[in-house]
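Each chain, written out:
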Amino acid sequence: MKKHLMIAADHGGWELKEQIKAHFPEIDWTDLGPQNSTSPVDYPDFADLLCAKVEKSLSNDPQGILICGSGQGMAIRANKYPHIRAALAWSEDSSRLSREHNNANVLCLGGRLISPSTAIECVKTFLETPFAGGRHTARVEKIHKPL
Ligand code: RB5
């Protein structure tokens, strides 16, 4: 399993962020915040903190996890970045397919919509599943084709 991973949330995802970090103590987490859930924050600000770092690395491996209330806002913002493929997962299958077929490098979760145990399954699967390549390679390349 990957040893280093970034994670960020908003107030709707803060609690799940803490639960995920606690469940995977073997991972060297870079927690980009927020550090508490006492006041509301804007999810695009925290997506930006993480995505700017992923963008610099240009890596295809799983790089980070973004959590807001639904996971949607984080995914929408993250996918503005040219080298990011952010996938919203809500089950083990959706997480696995995001790696096998889409080579997703950022996992988005909805802290208010899925249970902590489902979220943990999604994270584990995301980190353990390789990109399948083959027929999916050209499709993934097309995702990044300029409009
Ligand atoms: C915050 O209330 C909520 O809008 C946010 O966490 C997220 O669900 C947005 O997509």
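For the structure, check the block above.
From a predicted model like this one, the values you see are computed outputs, not experimental measurements.

(A) Local environment of the site of the ligand. Lining the immediate environment of the ligand, one finds Asp10, His11, Tyr43, Cys68, Gly69, Ser70, Gly73 and Arg112. One of the side-chain N or O atoms of aspartate 10 is found 2.6 Å from an oxygen atom in the ligand. Within the backbone of serine 70, a nitrogen or oxygen atom sits 2.9 Å from an oxygen atom of the ligand. For the ligand, whose free accessible area comes to 290 Å², the fraction covered by protein is 70%.

(B) The side chain of histidine 136, seen in detail. Tracing the chain through its elements places histidine 136 in helix α6 (residues 135-143). We classify histidine 136 as buried; its relative accessible area is 5%. Every residue in contact with histidine 136, bar those within four places of it in the chain, is listed here: Glu100, His101 and Phe131.

(C) Quick look at the pairing of strand β3 (residues 64-68). Where burial is concerned, most of β3 is hidden: five out of the five residues are buried. The side-chain alternation of β3 yields two buried faces, one formed by Gly64, Leu66 and Cys68 and the other by Ile65 and Ile67. Bridge count for strand β1 (residues 4-9) against β3 is four bridges, and the pairing is parallel. Along β3, the bridge assignment pairs alanine 9 with isoleucine 67. One ladder, built from five bridges, connects β3 with strand β5 (residues 106-110); its direction is parallel. Considered in β5, the bridge of cysteine 68 is made with glycine 110.

(D) Broad picture of helix α5 (residues 116-128). Along its 13 residues, α5 runs 18 Å from first to last C-alpha, staying within 8% of the 18 Å computed at 1.5 Å per residue. Considered for burial, the residues of α5 that qualify are Ala119, Ile120, Cys122, Val123, Thr125, Phe126 and Leu127. Residues of α5 that are buried in the fold lie against β1, α1 (14-23), β3, α4 (92-100) and β5.

(E) Local environment of a positive patch on the surface. Together, Arg135, Arg139, Lys142 and Lys145 make up a region of like positive charge exposed at the surface. Considering the arrangement of structural elements, one finds lysine 145 in the segment after α6. Residue lysine 145 is classed as exposed on the basis of its relative accessible area of 54%.

(F) Spatial organisation of the state of the cysteines. Going through the model one piece at a time under the given rule, you end up with zero disulfides. Note on cysteine 51: no disulfide assigned, nearest cysteine sulfur contributed by cysteine 108 at a separation of 7.7 Å. Taking relative accessible area as the criterion, cysteine 51 reaches 0% and is therefore assigned buried. No disulfide involves cysteine 122; its nearest neighbouring cysteine sulfur is the one of cysteine 108, lying 11 Å away.

(G) Quick peek at the environment of glutamine 72. Residue position: glutamine 72 is located in helix α3 (residues 72-78). Given a relative accessible area of 43%, glutamine 72 falls into the partly exposed group.

Rules used throughout
Residues numbered from 1 in each chain as written. Predicted model: local features only at pLDDT ≥ 70, side-chain atom pairs only at ≥ 80, totals over all residues. Heavy atoms only, no water. Near = heavy atom within 4 Å. Polar contact = N/O pair within 3.5 Å; in protein donor to acceptor, adjacent residues only side chain to side chain. Areas by Shrake-Rupley, 256 points an atom, 1.4 Å probe, with all protein chains shown as cover. Helix = DSSP H or I, 4+ residues; strand = E, 2+ residues; numbered from the N terminus. Buried < 20%, exposed > 50% of the residue type's maximum accessible area, 1.4 Å probe, protein only. Contact = heavy atoms within 4.5 Å. Pairing = 2+ DSSP bridges. Expected span 1.5 Å × (residues − 1). Patch = residues over 30% accessible without salt bridge, like charges linked within 9 Å, V, L, I, M, F, W, Y side chains within 5 Å. Salt bridge = Lys/Arg side-chain N within 4 Å of Asp/Glu carboxyl O. Lys, Arg positive; Asp, Glu negative; His and termini not counted. Charge placed at Lys NZ, Arg CZ, Asp CG, Glu CD. Disulfide = S-S within 2.5 Å.

Such coordinate-based values are descriptive only and should not be taken to indicate function.
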